[in-house]
Amino acid sequence: MEKQVALFGETEPTANEALSGFRYRKEFLSFKEERDLAIELSALDLRPFEFQGHLGNRRVTSFGLKYDFGRRTVDPAPAFPRFIQELVPRVAAFANVASEQFQQVGVNEYRPGAGIGWHKDKPEFGIIAGISLLSPATMRFRRSTKGGWDRVSFDLEPRSIYILSGEARLLWEHSVPAQESLRYSITFRTLSERFLAKTPRANVI
Ligand SMILES: O=C(O)CCC(=O)C(=O)O
Ligand SMILES: [Fe+2]
(Lines give C-alpha, C1' and ligand atoms only; values in the text may rest on other atoms or scores of the structure.)
(Ligands and ions follow the chains in the order given, each with its own letter.)
Protein backbone atom coordinates (compact mmCIF):
# COMPACT_ATOMS: atom_id res chain seq x y z
CA MET A 1 0.00 0.00 0.00
CA GLU A 2 1.45 3.34 -1.03
CA LYS A 3 1.79 6.01 1.63
CA GLN A 4 0.65 9.41 0.36
CA VAL A 5 2.29 12.16 2.34
CA ALA A 6 0.90 15.67 2.42
CA LEU A 7 3.53 18.30 3.02
CA PHE A 8 2.81 21.76 4.31
CA GLY A 9 5.60 24.32 4.29
CA GLU A 10 8.80 23.20 5.95
CA THR A 11 7.60 19.86 7.23
CA GLU A 12 10.87 18.07 7.66
CA PRO A 13 9.79 15.89 10.59
CA THR A 14 6.89 14.51 8.55
CA ALA A 15 9.04 14.07 5.49
CA ASN A 16 11.88 12.44 7.37
CA GLU A 17 9.54 10.05 9.09
CA ALA A 18 8.23 8.84 5.78
CA LEU A 19 11.52 8.88 3.89
CA SER A 20 14.86 9.60 5.51
CA GLY A 21 16.95 12.07 3.50
CA PHE A 22 14.00 13.69 1.71
CA ARG A 23 13.35 17.35 2.54
CA TYR A 24 10.83 19.69 1.01
CA ARG A 25 9.87 23.34 1.16
CA LYS A 26 6.97 24.94 -0.64
CA GLU A 27 7.08 28.50 -2.00
CA PHE A 28 10.86 28.42 -2.45
CA LEU A 29 10.34 30.66 -5.49
CA SER A 30 7.98 33.61 -5.72
CA PHE A 31 5.40 33.74 -8.54
CA LYS A 32 7.52 36.37 -10.30
CA GLU A 33 10.69 34.28 -10.03
CA GLU A 34 8.82 31.29 -11.38
CA ARG A 35 7.52 33.30 -14.34
CA ASP A 36 10.93 34.82 -15.12
CA LEU A 37 12.63 31.43 -14.88
CA ALA A 38 10.01 29.80 -17.12
CA ILE A 39 10.78 32.40 -19.79
CA GLU A 40 14.51 31.60 -19.54
CA LEU A 41 13.83 27.86 -19.64
CA SER A 42 11.55 28.13 -22.66
CA ALA A 43 14.42 29.74 -24.59
CA LEU A 44 16.87 26.87 -23.91
CA ASP A 45 17.93 24.42 -26.56
CA LEU A 46 16.31 21.35 -24.99
CA ARG A 47 16.77 17.92 -26.54
CA PRO A 48 14.58 14.80 -26.22
CA PHE A 49 15.97 12.44 -23.64
CA GLU A 50 16.55 9.15 -25.40
CA PHE A 51 17.72 6.11 -23.61
CA GLN A 52 16.50 2.55 -23.45
CA GLY A 53 14.23 1.89 -20.52
CA HIS A 54 13.27 5.51 -19.87
CA LEU A 55 10.17 7.40 -20.92
CA GLY A 56 11.30 9.25 -24.00
CA ASN A 57 9.17 12.35 -24.19
CA ARG A 58 10.91 14.48 -21.61
CA ARG A 59 13.29 17.15 -22.97
CA VAL A 60 16.51 17.98 -21.19
CA THR A 61 19.69 19.98 -21.07
CA SER A 62 22.69 20.08 -18.71
CA PHE A 63 25.04 22.74 -17.42
CA GLY A 64 28.43 22.46 -15.73
CA LEU A 65 28.68 18.72 -16.27
CA LYS A 66 26.58 16.19 -18.11
CA TYR A 67 26.21 12.46 -17.81
CA ASP A 68 26.71 10.59 -21.07
CA PHE A 69 24.40 7.56 -20.76
CA GLY A 70 25.97 5.83 -23.75
CA ARG A 71 29.59 6.09 -22.64
CA ARG A 72 28.77 6.20 -18.92
CA THR A 73 31.02 9.19 -18.33
CA VAL A 74 30.67 12.58 -16.71
CA ASP A 75 31.67 15.19 -19.28
CA PRO A 76 31.98 18.97 -19.36
CA ALA A 77 28.85 20.90 -20.35
CA PRO A 78 28.18 24.62 -20.99
CA ALA A 79 28.72 26.92 -17.99
CA PHE A 80 25.76 27.76 -15.74
CA PRO A 81 23.77 30.60 -17.32
CA ARG A 82 23.28 33.67 -15.14
CA PHE A 83 19.75 32.72 -14.06
CA ILE A 84 21.10 29.39 -12.72
CA GLN A 85 24.12 31.05 -11.08
CA GLU A 86 21.76 33.35 -9.24
CA LEU A 87 19.79 30.43 -7.81
CA VAL A 88 22.78 28.39 -6.64
CA PRO A 89 23.51 30.15 -3.30
CA ARG A 90 19.88 29.87 -2.22
CA VAL A 91 19.63 26.23 -3.21
CA ALA A 92 22.98 25.52 -1.51
CA ALA A 93 21.75 27.16 1.72
CA PHE A 94 18.66 24.98 1.73
CA ALA A 95 20.75 21.88 0.94
CA ASN A 96 23.37 22.74 3.60
CA VAL A 97 26.26 22.57 1.12
CA ALA A 98 28.69 25.20 -0.23
CA SER A 99 27.60 26.82 -3.52
CA GLU A 100 30.75 25.51 -5.28
CA GLN A 101 29.69 21.96 -4.56
CA PHE A 102 26.85 22.19 -7.04
CA GLN A 103 28.75 21.36 -10.20
CA GLN A 104 25.94 19.94 -12.30
CA VAL A 105 22.54 21.33 -13.18
CA GLY A 106 19.91 19.57 -15.26
CA VAL A 107 16.75 21.04 -16.73
CA ASN A 108 13.79 18.76 -17.42
CA GLU A 109 10.82 19.86 -19.49
CA TYR A 110 7.73 17.67 -19.12
CA ARG A 111 5.07 18.48 -21.66
CA PRO A 112 1.64 16.92 -21.09
CA GLY A 113 2.11 13.15 -21.11
CA ALA A 114 5.83 13.23 -20.31
CA GLY A 115 7.33 11.75 -17.15
CA ILE A 116 10.48 10.18 -15.82
CA GLY A 117 10.67 6.43 -15.17
CA TRP A 118 12.02 4.61 -12.12
CA HIS A 119 15.70 5.31 -11.53
CA LYS A 120 18.39 6.26 -9.05
CA ASP A 121 20.56 9.17 -10.11
CA LYS A 122 24.05 8.15 -11.21
CA PRO A 123 26.50 7.32 -8.40
CA GLU A 124 28.97 9.93 -9.68
CA PHE A 125 26.59 12.53 -8.24
CA GLY A 126 25.95 13.27 -4.57
CA ILE A 127 23.10 15.33 -3.13
CA ILE A 128 20.29 16.32 -5.49
CA ALA A 129 18.12 19.41 -5.11
CA GLY A 130 15.10 19.89 -7.38
CA ILE A 131 12.99 22.98 -8.03
CA SER A 132 9.54 22.56 -9.61
CA LEU A 133 7.89 25.08 -11.91
CA LEU A 134 4.45 25.69 -13.43
CA SER A 135 2.52 22.49 -12.65
CA PRO A 136 2.12 20.18 -9.68
CA ALA A 137 3.53 16.68 -9.90
CA THR A 138 3.90 13.60 -7.76
CA MET A 139 7.31 12.22 -6.92
CA ARG A 140 7.11 8.51 -6.25
CA PHE A 141 9.70 6.47 -4.36
CA ARG A 142 10.10 2.72 -4.12
CA ARG A 143 12.53 0.34 -2.48
CA SER A 144 12.53 -3.40 -2.89
CA THR A 145 11.91 -5.53 0.17
CA LYS A 146 11.80 -9.30 0.61
CA GLY A 147 8.07 -9.35 -0.04
CA GLY A 148 7.80 -6.69 -2.76
CA TRP A 149 8.21 -2.92 -2.63
CA ASP A 150 8.02 -0.22 0.01
CA ARG A 151 6.46 2.83 -1.59
CA VAL A 152 5.93 6.44 -0.65
CA SER A 153 4.99 9.48 -2.69
CA PHE A 154 5.07 13.26 -2.26
CA ASP A 155 3.20 16.04 -3.97
CA LEU A 156 5.57 18.56 -5.54
CA GLU A 157 3.98 21.96 -5.83
CA PRO A 158 5.12 24.50 -8.39
CA ARG A 159 7.75 26.86 -6.86
CA SER A 160 8.79 24.21 -4.30
CA ILE A 161 12.18 22.63 -3.70
CA TYR A 162 13.12 19.14 -2.56
CA ILE A 163 16.40 17.58 -1.46
CA LEU A 164 17.38 13.96 -2.02
CA SER A 165 20.19 12.83 0.25
CA GLY A 166 20.96 9.80 2.40
CA GLU A 167 18.50 6.94 2.06
CA ALA A 168 16.13 8.83 -0.25
CA ARG A 169 19.05 9.36 -2.60
CA LEU A 170 20.91 6.08 -2.30
CA LEU A 171 18.48 3.34 -1.36
CA TRP A 172 15.22 4.39 -3.01
CA GLU A 173 14.37 4.74 -6.69
CA HIS A 174 12.22 7.67 -7.77
CA SER A 175 9.95 8.50 -10.68
CA VAL A 176 7.55 11.26 -11.73
CA PRO A 177 4.48 10.03 -13.58
CA ALA A 178 3.21 12.03 -16.54
CA GLN A 179 1.04 15.02 -15.71
CA GLU A 180 -1.48 16.92 -17.79
CA SER A 181 0.23 20.27 -18.14
CA LEU A 182 3.70 21.64 -18.75
CA ARG A 183 6.13 21.30 -15.85
CA TYR A 184 9.82 22.17 -15.61
CA SER A 185 12.26 20.97 -13.00
CA ILE A 186 15.74 22.31 -12.38
CA THR A 187 17.96 19.82 -10.58
CA PHE A 188 21.23 20.70 -8.88
CA ARG A 189 23.81 17.99 -8.14
CA THR A 190 26.99 17.80 -6.12
CA LEU A 191 29.62 15.21 -6.99
CA SER A 192 29.82 12.11 -4.80
CA GLU A 193 32.76 11.53 -2.46
CA ARG A 194 33.57 8.35 -4.33
CA PHE A 195 33.69 10.10 -7.67
CA LEU A 196 35.73 13.03 -6.33
CA ALA A 197 38.24 10.63 -4.77
CA LYS A 198 39.03 8.90 -8.04
CA THR A 199 38.74 11.92 -10.37
CA PRO A 200 41.06 14.88 -9.86
CA ARG A 201 38.92 18.01 -10.06
CA ALA A 202 40.93 19.39 -12.99
CA ASN A 203 39.91 16.44 -15.14
CA VAL A 204 36.26 16.94 -14.49
CA ILE A 205 35.85 20.57 -15.33
O1 LIG B 1 11.47 16.33 -12.34
C2 LIG B 1 11.93 16.03 -11.23
O3 LIG B 1 11.76 16.72 -10.23
C4 LIG B 1 12.73 14.75 -11.12
C5 LIG B 1 13.91 14.74 -12.03
C6 LIG B 1 14.83 13.56 -11.84
O7 LIG B 1 14.56 12.62 -11.15
C8 LIG B 1 16.14 13.60 -12.51
O9 LIG B 1 16.39 14.51 -13.32
O10 LIG B 1 16.96 12.71 -12.25
FE1 LIG C 1 16.35 11.55 -10.60
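Per an unreviewed UniProt entry, the chain goes by the name Alkylated DNA repair dioxygenase AlkB and belongs to Terriglobus roseus.

A.B. asks: Would you take a moment to explain the pairing of strand β12 (residues 161-164) for this structure?
C.D. replies: Here β12 shows no split at all, with Ile161 and Ile163 on one side and Tyr162 and Leu164 on the other all buried. Across 4 bridges, the pairing between strand β2 (residues 22-25) and β12 is antiparallel. Bridge pairing links Phe22 to Leu164 in β12. Judged from the 4 bridges that link them, strand β9 (residues 125-133) and β12 form a sheet pairing that is antiparallel. Along β12, the bridge assignment pairs Gly130 with Tyr162.

A.B. asks: Would you mind going over the pairing of strand β4 (residues 58-63) with me for this structure?
C.D. replies: In this sheet, β4 lies alongside strand β3 (residues 47-48) in antiparallel orientation, the contact comprising 2 bridges. Note that in β4 the partner of Pro48 across the bridge is Arg59. With 6 bridges joining them, β4 and strand β7 (residues 104-110) adopt antiparallel strand pairing. Paired with Thr61 across the two strands is Val107, which belongs to β7.

A.B. asks: When you look at the coordination of the iron ion (ligand 2) in this model, what are you seeing that I'm missing?
C.D. replies: Geometrically, a metal with four donors at the corners of a regular tetrahedron has ideal angles of 109.5 degrees, and one with six donors at the corners of a regular octahedron has ideal angles of 90 or 180 degrees. Here the iron ion (ligand 2) is held by the protein donor atoms His119 (NE2), Asp121 (OD) and His174 (NE2), which lie 2.0 to 2.1 Å from it. Each donor residue of the iron ion (ligand 2) belongs to the same chain, and together they define the spacing H-x1-D-x52-H. You can call His119 buried: its relative accessible area is 14%. Note on Asp121: relative accessible area 9%, which makes it buried.

A.B. asks: What exactly am I supposed to notice about the sheet that holds strand β14 (residues 183-191) here?
C.D. replies: Strand-to-strand pairing in sheets goes through backbone hydrogen bonds, with the strands running parallel or antiparallel. Read from one edge of the open sheet, 7 strands run β2-β12-β9-β14-β7-β4-β3, paired in antiparallel fashion. Strands at the two margins of the open sheet, each flanked by one partner only, are β2 and β3. Packed on one face of the sheet, helix α3 (residues 82-95) meets β2, β7, β9, β12 and β14 and runs near 65° to β14.

A.B. asks: Help me understand helix α2 (residues 31-42), please; the structure alone is not making it clear to me.
C.D. replies: An α-helical turn contains 3.6 residues, so a residue and the one three or four places further along point in the same direction. Between the first and last C-alpha of α2 there are 16 Å, a value that for 12 residues agrees with the 16 Å anticipated at 1.5 Å per step. Residues of α2 that are buried: Glu34, Leu37, Ala38 and Leu41. Each buried residue of α2 lies within a common arc of 105° when the element is viewed along its axis, so the set occupies one face. Structural note: α2 exposes Lys32, Arg35 and Ile39 on the side pointing more than 90 degrees away from its buried face. Along its buried surface, α2 packs onto α3, β7, β9 and β14.

Conventions used here
- Residues numbered from 1 in each chain as written.
- Chains lettered and ligands numbered in written order.
- Predicted model: local features only at pLDDT ≥ 70, side-chain atom pairs only at ≥ 80, totals over all residues.
- Heavy atoms only, no water.
- Buried < 20%, exposed > 50% of the residue type's maximum accessible area, 1.4 Å probe, protein only.
- Helix = DSSP H or I, 4+ residues; strand = E, 2+ residues; numbered from the N terminus.
- Pairing = 2+ DSSP bridges.
- Donors = N, O, S within 2.8 Å, 3.2 Å for Na, K, Ca; no water.
- Contact = heavy atoms within 4.5 Å.
- Axes fitted to C-alpha atoms, helices over the stretch in contact; angles between N-to-C directions.
- Expected span 1.5 Å × (residues − 1).
- Arc of directions from axis to C-beta.

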